[in-house]
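# Results of the structural survey
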Amino acid sequence: MHGYALVQQIKRTSNDVLQIEEGSLYPALQRLLKEGFVKAEWGISSTNRRVRIYKLTTAGGKHLEREVSSFERMLKGITQVLAPGEL
Amino acid sequence: MNWLRQLFSRGRLNRELSEEIQAHLDEKVEELVAEGMSRDEAMRSARREFGNVGLIEEDCREVWAWPSVEDVFFDIRYGLRSLTHSPVFAVVALLTIAIGVAANAAVFSVVNSVLLKPLNYPKAEELVALHQVAPGAEGLADFENGLLLSPSMFFTYSEQNQTFQSLGVWITGTANVTGMAEPEQVRTVSVSDGVLQTLGVPPAAGRWFSQVDQVPNGPASVMLSYGYWQRRFGGNRRVIGRNITVDSQPREIVGVMPQGFRFVDSDFDLTTPLAFDRGKMILAGFGFHGIARLKPGATIAEANADLTRLLPVWMDSWSNGPGSNPHIYEEWRITPMIRPLKQQVIGNVGELLWVVMGTIGLVMLIACANVTNLLLVRAETRQQELAVRTALGAGRTRIVRGILVESVMLAIIGGVVGTGLAYAGVRFLVTIGPSNLPRLNEITIDARTLGFTFILSVLSGLLFGLIPALKYAGPRNISSLQGAGRTISVSRERHRARNLLVVGQVALALVLLMSAGLMIRTFAALRRVDPGFTDPQHLQALRISIPDSLIAESERVTRTQNAILEKLSAIQGVKSAGFVSEMPMEGFDSDWDEIFAEDKAYADNTIPPLRLYKHVSPGLLHAAGTRLVAGREMTWGEVYGLQPVVMVSENLAREMWGTPSAAIGKRLREFPKMPWHEVIGVIQDVREKGMQDTAPEIVYWPPLVVDVFGSRAASPIRTVTFVIRSDRAGTESFLTEVRAAVQSVNSDLPLASVRTMQEVYDQSVARTSFTLVMLGIAGTMALMLGIIGIYGVMSYTVSQRKREIGIRFALGAQGRDVLTIVLRQGTKLALVGVLIGIAAAFALTRLMTNLLFGVTAHDPLTFVAVAALLMLVALLACYIPARRATLVDPIVALRHE
């Protein structure tokens, strides 16, 4: 997926709840590239433009799993704390 | 190596990033247009939602490689570019820094080589000089070397101490080497057992002296210095075991010391063993320098206590002959004051070098102030540029860093140029430096000096960059974009930094000029002192030594000297000649002894004050131009007749008998067995120890005196300085004739220490003249930099106030009024600077008290003169810009808007 598509995807799937400054995606992508969690190749977008397409690497996938599970654990904790009057 | 590839593939990375972002924007615009937005509006909206493209690109780049390194690279490139855009600024700033750095690096290399570097011996920190003082020994008390050691002290100390690894005594001298091409007088160092072991430098060839060499009347041996070995034997290793004739005695060469080896502070050609005869030892004979190596962990205080404990042991172990009381030395209050050997070598030059280093450091501060000024002016003109960079998203740190990188870069380039100049500067310093500057041959620019220079450059770069950086990196700069710089006149606040700098510069320059002024006064005072001889450039001096082995008989020694005098006087152009055991300020070890007067009573077991004594030939006073205050000179008839006559110095006559004339006819002697000698003449005081030291009391014996100890009838003085009064003194042709005259009397007599008394005199004031030259240079640099500083600030102020001045003219002000306004401003700055400077100088010049002579550190004349000079110069520096201000055309100035 390339940068612009990614932004649209985030906006769409989060029902526009997550509004990000579009540009700030790129430094984040560069960091992922540097860590080797994604790889990038030049390709052609659906609108026929030369764009850089990012793919998750195996290492990236593992890292994502780890992050997601730790995030879920934290989220669970938060939800429990916030859940009203179960006592 | 990954980061390296990244560093070099930066260009591709950046291009790809830009392309990617551009694609993102394009896609967004297209989508918005498809939704019905106009293309312009779509573009704006896309950009807005994307954020600051430049900043984001930068953030992306920072993910890769070292952002700070890259930024610094960028800042350097940018700085270089902006420097080439203003070449005049760059050249002026660089030159200022380069000269300042060069002066500092040169002086530091001297300080480093002389004061900081350890001496050239293994484990030099363990080495000490066995210095001791004897406040009870009058006359000797002010003697620079304190009380030297006697041979018996050496035996007691070296055999019974508990704090030293090894210990020895040594003495310098001269000797005649004969039997080779032509006779030569060489410098010798005679050493006891323990000296070479203490210094610990292995020989370059052969071996050290061993105990066998120290046996009296044992095998005669000698070691060579590297220089003598090269000069005389071409560095041939087979000289070991060969004999050379030293003072008519054949000696076997047992070893060669390595290149650069010196005995403490003495260069030498030959070294011989002292070979003390234990059986003939007495308590006295305090003529030897002591040197020792402390045991590991032993302190100087412990060593002092150790030797203090041994002094009574020494007095009990030896005597001065039957009937003498060995404990009379208790009255001398001999106190060991052991010093690190390095301190002994450096002597009193340390203080001088630190003063010079300090003044040169002040010059560097002034130079930094000037460069700060230049940078401030430049930063002012660059406000717009800086404001644009801020507006484009450069943070405050980024701007500060940019300015600092630029100034440090400027300083480093200046430092590199300065280091080049420093090589020339060091050569200059070594040439003008006092020729008796210790460790002169060790002065080099080494890694430490280069390190110092680098740190100095970077620090000064930070120093002069910091003020403009802090001043112009603030967010308020945004206003300059809107052209708010066009106020009618410049606010006071904007000038505060520059005014402070000018005040500081004037104050520092005043301190430096003040110290230079005090040195000028010192030098002038020294010139007025009568050294005890006249017209020194026409006074040729040379040393001739007649060893026992060459002429044994006493009277023949004196007759030979007398014959030399006659031959010398016959040379064309010679007005008069004479000889003496030592001329003033020649710096040879002097002789002291107790002097008894017939008409004074001395309590039992007390010793009269020690007096310096010399032997003097008839005719010397006339040749040297030394005045006879009362009485008459001795004659050759009296000398050969062994008539008991003596002369004394004026201060001695006054001290003992009140007036010079009262001394005539009184009688003196050195020790009880000596006949009483009648005072026949009183001689003016001479500056024996140097122009800055008080003239000591001196007794002048004849060149041949009754020998009361030996088997001979009389004993001569064998090593003397001949002085020849002639207009041709110092010329090569004259010296050739002098040599021929001496050799016509005895062909085995070499000449040594051939020089005019002017050279002796110059060497004596070398420390003062060196300080004078250095402070003079520093003061001149400070004055010039100060002028440039004031001039720069005033011109800039005038150019900034052009509009205001134009309005004043338009309102009817006269040229004189404007002149006054500008001058008043400049004068105010200079005056504040001068006042602060006077206060600072008042505190600081006290540090150089020891370098001054005939003038106090707070000499009012110098203070007033220097302050007036500086005010005058400052006014002149203001006058030119003020003059220009009066030429402002109001119409042009106001239309300029």
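Residues numbered from 1 in each chain as written. Chains lettered and ligands numbered in written order. Predicted model: local features only at pLDDT ≥ 70, side-chain atom pairs only at ≥ 80, totals over all residues.

The helix and strand inventory of chain B stands at 29 helices and 26 strands. Burial status across chain B gives 41% buried among its 897 residues. (Helix = DSSP H or I, 4+ residues; strand = E, 2+ residues; numbered from the N terminus. Buried ≥ 20, exposed ≤ 12 C-beta atoms within 10 Å, placed from the backbone.)

So, on to the overall build of chain A. In terms of helices and strands, chain A carries three helices and two strands. Element order for chain A, N to C, with α for helix and β for strand: α-α-β-β-α. Here chain A, with 87 residues, has 14% of them falling under the buried criterion. By sequence separation, contacts in chain A at least 24 residues apart represent 25% of the contacts at least 6 residues apart. (Contact = placed C-beta atoms within 7 Å.)

Residue and element names in this part refer to chain B. If you look at the biggest cluster of nonpolar residues, it comprises 100 residues, and the most contacted ones within it are Val363, Val506, Ala509, Leu510, Leu512, Leu513 and Ala782. Tallying contributions element by element places helix H12 (residues 349-381) first for this core, with 17 residues. If you count residues domain by domain, this core takes at least three from each of domain 2 (67-119 + 349-485) and domain 4 (493-527 + 768-897). Residues within four places of valine 506 in sequence aside, it is in contact with Gly786, Ala830, Gly833, Val834, Gly837, Leu870 and Ala874. By size, the runner-up hydrophobic cluster in this structure holds 62 residues, among which are Ile546, Met583, Trp657 and Val742. (Core = buried A, V, L, I, M, F, W, Y, C linked by C-beta atoms within 7 Å. Domains from an automatic or database assignment.)

It is worth spelling out the interface of chain B and chain A at this point. Each partner contributes to the interface: chain B provides 17 residues, whereas chain A provides 16 residues. Of all the secondary structure elements, the ones that give two or more residues to the side of chain B that touches chain A are helix H2 (10-34), helix H3 (39-50) and helix H4 (53-63) of chain B. Looking at the side of chain B that touches chain A element by element, the count peaks at eight residues for H2(B). Residues that form the side of chain B that touches chain A fall into these classes: eight nonpolar, two polar and seven charged. (Nonpolar A, V, L, I, M, F, W, Y, C, P; charged D, E, K, R; others polar.)

Turning to the sheet that holds strand S26 (residues 752-756) of chain B, a few remarks are in order. Residues and elements named next belong to chain B. Taken together, the four strands give an open sheet; going across it, the order is S14-S25-S13-S26, and neighbouring strands pair in antiparallel fashion. The two strands at the open ends of the sheet, each matched to only one other strand, are strand S14 (574-580) and S26. Between one strand axis and the next, the sheet turns by 15° as a mean value, whatever way the strands run. Two strands pair when backbone bridges link them, and S14 and strand S25 (residues 719-726) are joined in this way by six bridges, in the antiparallel orientation. (Pairing = 2+ DSSP bridges. Axes fitted to C-alpha atoms, helices over the stretch in contact; angles between N-to-C directions.)

This brings us to unusual backbone geometry. All names here are of chain B. The residue lysine 123 is not glycine, and still its phi comes out positive at about 45°. Along the polypeptide, lysine 123 turns up in the loop between helix H6 (87-116) and strand S1 (127-129). Although it is not a glycine, serine 248 adopts a positive phi angle of roughly 65°. Tracing the backbone through its elements, the reader meets serine 248 in the loop between strand S7 (243-246) and strand S8 (249-256).

All names here are of chain B. For chain B, per-residue confidence averages 84 on the pLDDT scale, and 93% of positions sit at 70 or higher. With pLDDT under 50 throughout, residues 483-489 is counted as low confidence; its partners more than four residues away or in other chains account for nine contacts. Reported confidences for the modelled complex are a pTM of 0.70 and an ipTM of 0.79. (pLDDT = per-residue confidence, 0-100.)

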